Amino acid sequence: MSFFPLNSTIARDLVRWFIIVSTLVALLSTGVQLYLDYRHDLEIIDSYFASIDDSYLPSIAKSTWVMDDHQINTLLEGITNREDIVYAAIVIDDSIYWQSGEQHLQKSITHTFPIRYVYQNQPEEIGTLTVTANLEGVYQRLVRRFTIVLFSNGIKTFIVAGLALVIVQLIVTRHLQAMASHVRRLTINTPQPPLILQKPEIKKNELDEVNDALNLLLKRSYSAFNAIQTHEQKLRLFLNSTEEAVVGVDRSGRVTFANKVFLRLTGQSEGQNVSEQHLSELILCDCLITENGNHLDTPLYDAIHAGRAYSCDDTFVTNDITPGFYASIRSYPTYSNSECSGAVIFITDITDKRKMKREMELLRKALGHSHASVVITDRDFRIVYVNPIFEKGTGRSFAELENQKVDIISNEPEFARACQEAIANNLSGKSWQGRMKYTNKNKNLRTIEVVASPVYDDHDEIINFIAVSHDVTIEAAVQEQLMIAQKHKALSRLSASIAHEFGNPLLGILSLLKDFATRNSLGKNDKELMDIAISECQRLQSLISDIETFYGSGIDDMQGCDLHQIIEKVLFFHKRTFLEHSIQTSFNPRASEAEVMGHPDQLAQVILHLVINAVNAIDKDQGQISISTQSGDGTIAIRITDNGKGISQWALPHIFEPFYSTKEQIEGTGLGLPVSYGIITSHGGDLTCQSELGKRTTFTISLPLMGSSHPASGSSSQGSPTPVSAT
């Protein structure tokens, strides 16, 4: 590196400005000094004019009074001998009498003094003294001074500027040149040693700070370059590992980069360089085709030129190499210096997704037209789909059920237990099959046959659960009715055996007990125990009598009887019971015919039992029991309705089973309703129950009218009720 100062532009510029500034300062200071000297010279002339008034004027007045020419001329010469005074004259009556020097009208200062003489104590004005000072001398002295100052300042400025040039080069410029040379030699992709300035190790100055900042900047630049390379590698790895095709284009549509998926989808070999090729040469689709064939006049390129995003959800992509595929295309603009420089385009192969969508649509239509109810949940058993049959059966729309837990369908304990059992099986990867009962939105009890299974993804992970169900309410009711009939048939055979095997011995025991009870030898306590034994034997005898009645009567001794009369007798003989319980009764005989073949006492027993059950079910004031009849299609229906506490839907299926009772055990044997059911079925009729818990219960007796060939198999003029139902 050369240390000659003229090689440094900064040094030359510094010297140039130093000279200019020094010259301006010298000129300014010289001008100020000259002005001050000029003012000083003028002040000297003014002071001399003042001294004339004090020193010369009295002598001149005296000499002029006596007309002493010699003395006057001497005084005037003395005045003009002073520096810069060039003319003096005595003027009397506007005439010059005495003068000395030459009159100068330009660049001069003239001062006039009045000449007064005191004669006999009276001042007499004789004339005037005119004195002129020439400024030529003042100007010449100023020029000499300006030349001397300017020359001396110029020499000093030249010397100082030269020294400054050398000093700046040695202290500043050569280090800046070293920094510039060091930076020019740098390559950002390789580490470089730090720059060390060739200068004495003294206290750090600004150059050291700049050098440290430069070294730090170079170190950070190398680190940033490595980070960019690392990020670029990661980005390339990400782009090559993604399932989407990614391609970058410039504003003209030429490819700047492409990942492996793009090369594979477009039929290019892996590693093939497609840069600088136009995108329309690699793929063809709706967003890259126009009628006029101008590839720049397409929706995709319009979006790129406008600097906005573009998307096409479904389009067919093809080229000369591949048969083509369905894809979704998304384009996002890229910017450089606040201007759109191109775009990054994501292309997703949706061929399989499109096929799956069609299959899903077919499946959705199939489920929509299926006669089975279908409900699909997520892993948390939140409902994500129900078909129309499910909505119709539950009375709830998908909008009500979406994202709700599956147990929202019903809050009955039995339904909840069944759901928990199904969930436990499904979570363990097993299917579950069984029956569930639930109350729909219309408060109808429904029975469904359910098959619930888990749904797996490609990794054998459970992602959903699906339950397919069929409404088997009618089938379940028929099965229950058939089961009850089978139980009754078995018990009818058992009743005859019980009546025969236990009736006669019990009659003998009861006779012996009564005989012992009449003897006087029994004590008081023994007599009480004997009464209890007789009472229990009579109770057992009544129970055997009920069993004999249960399917024990034939049709041989049946006779014609009027149901209206039987109902009226039952209500008449039990009016006191109704009054004691504050119950109002009503009878509405709307049936045009009420004559049936049967046992009047047994039919009265059934009606009485149902009425007494209604009385016991009413646990509030203002109780009401209404009885109505209606005939049609060869049958008569008797409906007995109370506004009591009702029967739970879970107890309803069991009320006609022998020995089942909703009352406390001490209150009954559980044979009342089964015996009544047996009596009615033995008359060719049917007994059903409908109940709404907490509101009402209705028992319906259906019997064939006399002379009718239609069996009353649960039919009435209002429909075909099942043995039990809930509303």
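Residues numbered from 1 in each chain as written. Predicted model: local features only at pLDDT ≥ 70, side-chain atom pairs only at ≥ 80, totals over all residues. Heavy atoms only, no water.

A.B. asks: Is there a simple way to think about the overall build of the protein chain in this case?
C.D. replies: When helices and strands are tallied, the protein chain shows 18 helices and 22 strands. Across the 727 residues that make up the protein chain, the buried fraction comes to 37%. The contacts in the protein chain between residues at least 6 apart in sequence include a share of 57% that link residues at least 24 apart. As displayed, the protein chain has an accessible area near 43000 Å², and 55% of this comes from carbon and sulfur atoms. (Helix = DSSP H or I, 4+ residues; strand = E, 2+ residues; numbered from the N terminus. Buried < 20%, exposed > 50% of the residue type's maximum accessible area, 1.4 Å probe, protein only. Contact = heavy atoms within 4.5 Å. Areas by Shrake-Rupley, 256 points an atom, 1.4 Å probe, with all protein chains shown as cover.)

A.B. asks: Sorry if this is basic, but what is going on with the nonpolar core here?
C.D. replies: Nonpolar side chains in soluble globular proteins tend to be buried together. By size, the foremost hydrophobic cluster in this structure holds 40 residues, and its most contacted members are Leu563, Ile607, Phe699 and Ile701. Only α15 (563-573), α17 (600-617), β18 (623-632), β19 (635-642), α18 (672-682), β20 (686-692) and β21 (696-704) provide two or more residues apiece to this core. The greatest single-element share of this core, amounting to seven residues, is contributed by α17. Residues contacting Ile607, with those up to four places away along its chain left out, are Ile566, Ile567, Val570, Ile638, Ile640 and Ile701. Of all hydrophobic cores here, the second largest spans 29 residues; its members include Ala245, Val255, Leu265 and Ala343. (Core = buried A, V, L, I, M, F, W, Y, C linked by side-chain atoms within 4.5 Å.)

A.B. asks: Even after reading the chapter, I still don't get helix α12 (residues 413-427), so can you show me in this structure?
C.D. replies: For an α-helix the count is 3.6 residues per turn, leaving residues at separations of three or four pointing the same way. In a regular helix each residue adds 1.5 Å, so 15 residues correspond to 21 Å; α12 covers 21 Å between its end C-alpha atoms and thus fits that length. Of the positions making up α12, those classed as buried are Phe415, Ala418, Cys419, Ala422, Ile423 and Asn426. Looking straight down α12, one finds its buried side chains confined to an arc of 135°; they lie on one side. Exposed and facing more than 90 degrees away from the buried side of α12 are Arg417, Gln420 and Leu427. Tucked into the core, α12 has its buried residues touching β12 (432-439), β13 (445-456) and β14 (462-471). Residue Gly429 follows α12 closely and has a positive phi angle near 85°. (Expected span 1.5 Å × (residues − 1). Arc of directions from axis to C-beta.)

A.B. asks: What exactly am I supposed to notice about the packing of aromatic side chains here?
C.D. replies: Each aromatic ring pair is specified by the distance between its two centres and by the angle formed by the two planes. Counted by the stated rule, this structure contains eight aromatic pairs. Ring geometry for Phe49 against Phe113: centres 6.4 Å apart, planes inclined by 65°, an arrangement best described as edge-to-face. With a gap of 64 residues between them, Phe49 in helix α1 (residues 9-55) and Phe113 in strand β3 (residues 108-119) connect regions that are remote in the sequence. Across the ring face of Tyr326, the terminal group of Arg354 is positioned such that the distance to the ring centre comes to 3.8 Å. (Phe/Tyr/Trp six-rings, centres within 6.5 Å; stacked < 30°, edge-to-face > 60°. Lys NZ or Arg CZ within 6 Å of the ring centre and 35° of its normal.)

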